[in-house]
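Examining the three-dimensional arrangement
What follows is the residue order along each chain.
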Amino acid sequence: MTDLIDCPGCGGAVSRRALTCLSCGGMLNEVPNEVTPELVRSLHGNELPDLLHSYVAEVFSESGCFNRDGPPDSGVLASLPRVLRVAYTLSILESEVTNGGFYQWLTNSSGRLTQETLGDLLIIGATAQADVVSEVVRLNQELESRYESYRRRWESPQPRGEPSEVDAFWTDMDENYAPQFDRLSVEYYSLQDSDSAWPRFDRFAREHIDECAHNRSPPVND
């Protein structure tokens, strides 16, 4: 039996195990209630990070991370097995940088996981990508040290800086920081094209198969 099926949304060929269609983004399968070593072994290519990212996102949703007063992503992520953590941070990095560059990665909720993401790149041996992300994190720390309203961007309600500070931030961003973020984004794209981190993640996941098991279903009381 072939592993490919036609996406009901766009008709493109997709894996029967995929959760979403890469062409149209349509949902294909439900997120499982449990990740097991057997499930991880059965997945190949982009199927594995796609499924694990979706699984962790479900854990976040069920934990209330997406609510205004919910727990921080980092706390829930730290409670998960290491393979799931790495899959999530690297998938978010890939998605954000591909769609909007490093500045988008830094200013969405993913920007709260910069150190975790950098550490995960090093864990799987993606040192070239880690070098790029390390420079991005350094630039971000400079911005946070200079502009209080930027550093406090995730507070709710978000503090409104003085007009002079806001103007200074955007001038500094446009003239000094945005060109560097853009350059590093292009460098990251090039690395992923020539020496993608995903095969390293796949090898890491299979070498640490005992660090992937998780069940998000609540325990059943007898």
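Residue indices follow the written sequence of each chain, beginning from 1 at its first position. Per-residue local features of the predicted model are confined to residues with pLDDT of at least 70, and side-chain atom pairs are confined, for both listing and counting, to 80 or more; whole-chain, interface and lining totals are unaffected and use all residues. Heavy atoms throughout the structure, all of them, feed into the side-chain values; hydrogens and water do not.

1. A word on the pattern of salt bridges
Keep this limit in mind: Salt bridges are identified by distance alone: a Lys or Arg side-chain nitrogen within 4 Å of an Asp or Glu carboxyl oxygen. Under the scheme used here, helices are H or I runs from DSSP no shorter than 4 residues and strands are E runs no shorter than 2 residues, and both carry numbers assigned from the N terminus. Under the scheme applied here, a residue whose accessible area is under 20% of the maximum for its type counts as buried, over 50% as exposed, and between as partly exposed, the area being computed with a 1.4 Å probe on protein chains only.
Summed over the entire model, instances satisfying the criterion amount to 13 salt bridges. Of the charged contacts, one joins glutamate 38 and arginine 41 as a salt bridge, the two residues approaching to 4.0 Å between their closest N and O atoms. In this pair, glutamate 38 and arginine 41 are both assigned in helix 1 (residues 37-42), three residues apart and thus about one turn of the helix distant. The class for glutamate 38 is exposed, based on a relative accessible area of 53%. Aspartate 195 is paired through a salt bridge with arginine 200; the nearest N and O atoms lie 3.2 Å apart. If you follow the salt bridges from partner to partner, you end up with Glu58, Glu62 and Arg216 in one network.

2. Some details on helix 4 (residues 82-107)
Test applied: What a helix should span is 1.5 Å times the count of its residues minus one. At every residue, the bend is computed as the angle between two fitted axes, covering the seven residues ending there and the seven beginning there respectively.
For helix 4, which comprises 26 residues, the first-to-last C-alpha distance of 25 Å sits more than 12% below the rise-based estimate of 38 Å (1.5 Å per residue). Glycine 100 marks where helix 4 bends most, by close to 130 degrees.

3. Digging into the nonpolar core
As a reminder of what qualifies: Buried residues of nine kinds, namely Ala, Val, Leu, Ile, Met, Phe, Trp, Tyr and Cys, make up a nonpolar core once their side-chain atoms join them within 4.5 Å.
By size, the foremost hydrophobic cluster in this structure holds 54 residues, and its most contacted members are Leu52, Phe102, Phe181 and Phe201. Elements with a contribution of two residues or more to this core: helix 2 (47-63), helix 3 (73-78), helix 4, helix 5 (114-124), helix 6 (127-146), helix 8 (163-194) and helix 9 (198-207). No other element matches helix 4, which puts 12 residues into this core.

4. So, the environment of valine 56
Following the sequence through the fold, valine 56 ends up in helix 2. Along the backbone, valine 56 and valine 31 are 25 residues apart, and their C-alpha atoms lie at a distance of 9.6 Å.

5. Focus: the packing of helix 2 against helix 9
For the record, the criterion: Every angle, taken between N-to-C directions, lies between 0 and 180 degrees, and every axis is a line fitted to C-alpha atoms, over only the stretch in contact when it is a helix. In these notes the angle categories are as follows: under 35 degrees is roughly parallel, over 145 is roughly antiparallel, 65 to 115 is roughly perpendicular, and the rest is oblique. Any pair of residues with heavy atoms lying within 4.5 Å of one another is described as a contacting pair. When residues are sorted by character, Ala, Val, Leu, Ile, Met, Phe, Trp, Tyr, Cys and Pro go into the nonpolar class, Asp, Glu, Lys and Arg into the charged class, and all the rest, Gly among them, into the polar class.
The contact between helix 2 and helix 9 brings their axes to 10 Å, and the two run at 70 degrees. Relative to helix 9, helix 2 is oriented roughly perpendicular. Between helix 2 and helix 9, the residues in contact are Leu48, Pro49 and Leu52 and Trp198, Phe201, Asp202, Ala205 and Arg206, respectively. A breakdown of the residues in the contact of helix 2 with helix 9 according to their chemical character gives six nonpolar, no polar and two charged.

6. Things to note about the packing of aromatic side chains
Selection rule: Stacked, tilted and edge-to-face pairs are distinguished by plane angle, under 30 degrees for stacked and over 60 for edge-to-face with tilted covering the rest, among Phe, Tyr and Trp rings (Trp via its six-membered ring) whose centres lie within 6.5 Å. Criterion for a charge above a ring: Arg CZ or Lys NZ at most 6 Å from the ring centre, at most 35 degrees from the ring normal.
Counted by the stated rule, this structure contains nine aromatic pairs. On the numbers, 6.5 Å between centres and 65 degrees between planes, the contact of tyrosine 103 with tryptophan 170 is edge-to-face. Within this pair, whereas tyrosine 103 is found in helix 4, its partner tryptophan 170 is found in helix 8, the two being separated by 67 residues in sequence. Counting every residue linked through ring pairs, the aromatic cluster contains Tyr103, Tyr147, Tyr150, Phe169, Trp170 and Phe181. The ring of tyrosine 150 has arginine 153 lying over it, and the distance from NZ or CZ to the ring centre is 4.0 Å. The ring of tryptophan 154 has arginine 153 lying over it, and the distance from NZ or CZ to the ring centre is 4.0 Å.

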